[in-house]
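Examination of the molecular architecture
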Amino acid sequence: MGKLSGKKALVTGGAQGIGAQIALAFAREGADVAVLDLRAAEAGQTVTAIEAAGTKGLAVAGDVGDEAAVQQAVAEVLAAFGQIDILVNNAGIDTTSQVAVMPTALWDDMMRVNLRSVFLCTRAVLPGMIERKWGRIISISSQLAHKGAADMAHYAAAKAGVLGFTRSLAYEVARDGVAVNAICPGPVDTELFRNIPEDWRKRKLAELPIGRAGRVDEIAPAAVLLASDEGSFFIGASMNMNGGDYMI
Ligand SMILES: NC(=O)c1ccc[n+]([C@@H]2O[C@H](COP(=O)([O-])OP(=O)(O)OC[C@H]3O[C@@H](n4cnc5c(N)ncnc54)[C@H](O)[C@@H]3O)[C@@H](O)[C@H]2O)c1
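Just so you know, these numbers come straight off a predicted model, no measurement behind them. (Residues numbered from 1 in each chain as written. Predicted model: local features only at pLDDT ≥ 70, side-chain atom pairs only at ≥ 80, totals over all residues.)

Things to note about the overall build of the protein
From N to C terminus, the protein includes 9 helices and 7 strands. Since a compact globule built from 248 residues should have a radius of gyration of about 18 Å, the 17 Å found for the protein is in line with a globular shape. In terms of its C-alpha atoms, the protein occupies a principal-axis envelope of roughly 45 × 40 × 35 Å. Scored against the burial criterion, the 248 residues of the protein give a buried share of 46%. In the protein, the share of contacts with a sequence separation of at least 24, taken over all contacts with a separation of at least 6, comes to 73%. (Helix = DSSP H or I, 4+ residues; strand = E, 2+ residues; numbered from the N terminus. Rg over C-alpha atoms; globule rule 2.2 N^0.38 Å. Buried ≥ 20, exposed ≤ 12 C-beta atoms within 10 Å, placed from the backbone. Contact = placed C-beta atoms within 7 Å.)

See the structure below:
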């Protein structure tokens, strides 16, 4: 018996990177896992890995910042799985700009993909969780929500918004058996991190006590813990695996 046997999970942005690793870790613990991502082909590769681990996988193409797309995607998952017990709000983007010259569109896109999406996906799955008196909402924020960073005010603001949302919703639904928590990784070696300008990345890695970026397999275990019954006393928490960059 895995820690998540019989559970049905939805992982956004699970085509690659942190989300793909979380999806696979959930499958290894016995969960059926749906992956919602813009990149349908890569999401299909995650599903192949999920099925190789012995559970059901489902790839759904869609934009997490688009209300209609989220509703349709959740309906597809519900049709295939019957219910959603665990949601991981992981899909995200990163861009850089100083505030003084930041285009409004860059700000708006960040809020849409990294914050609005968390609200839209959570709202779509919450009623079923409340009705069944069991659920897990896990949102991937960032250590920058706490620490901030030059050139990333929009990213840090969205990620801090995720924490405010997480804590507030945790109050609303904890007594309904729904645990709402966040994970705040430091730099992790994924496409998102590799696409940040090199001088920014070098500066960041130089100030990290551990002296290297994290690996996706160093983040996924926290999601498994929060998703499982073993994680039932985590309510409104943010788990900070960040190589020591911000120690709280
Ligand atoms: N890598 C890091 O250093 C790091 C650090 C802290 C937090 N995070 C957060 O972790 C999460 C995962 O990031 P990652 O590093 O694995 O990045 P990644 O770029 O490797 O993966 C992100 C995934 O999200 C998908 N995606 C992006 N926009 C989408 C949209 N509008 N709709 C649906 N899917 C969308 C992408 O297609 C991709 O598959 C993000 O929320 C990111 O902000 C990453």
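Side note on the environment of arginine 136
By secondary structure assignment, the location of arginine 136 is in strand β5 (residues 135–140). Taking C-alpha positions, arginine 136 is 27 Å from aspartate 245, a pair spaced 109 residues apart along the chain. In this structure, arginine 136 is in contact with Asp85, Ile86, Ala179, Leu226 and Ala227, ignoring residues within four places of it in sequence.

Details of the pairing of strand β1 (residues 8–12)
Taken across its 5 residues, β1 has 5 buried, putting it largely inside the fold. Every second residue of β1 is oriented toward a common face, with Lys8, Leu10 and Thr12 on one face and Ala9 and Val11 on the other, all of them buried. Crossover handedness for the path β1 to helix α1 (residues 17–28) to strand β2 (residues 32–37): right-handed. Pairing of β1 with strand β4 (residues 86–89) involves 3 bridges; the strand directions are parallel. Note that in β4 the partner of alanine 9 across the bridge is isoleucine 86. (Right-handed = clockwise from strand over helix to strand, strands pointing away. Pairing = 2+ DSSP bridges.)

Here we look at the packing of α1 against helix α9 (residues 220–227)
Each pair of packed helices can be described by the angle between their axes along with the distance between the axes. Running from N to C, α1 and α9 cross one another at 50°; their axes reach a closest spacing of 9 Å. When the interaxial angle is binned, α1 and α9 end up oblique. Here α1 and α9 pass one another in a crossing that is right-handed. Here α1 contributes Gln21, Ile22, Ala25 and Phe26 to the contact with α9, which in turn contributes Ala220, Pro221, Ala223, Val224 and Ala227. (Axes fitted to C-alpha atoms, helices over the stretch in contact; angles between N-to-C directions. Parallel < 35°, antiparallel > 145°, perpendicular 65-115°, else oblique. Left-handed = near helix turned anticlockwise from the far one by under 90°.)

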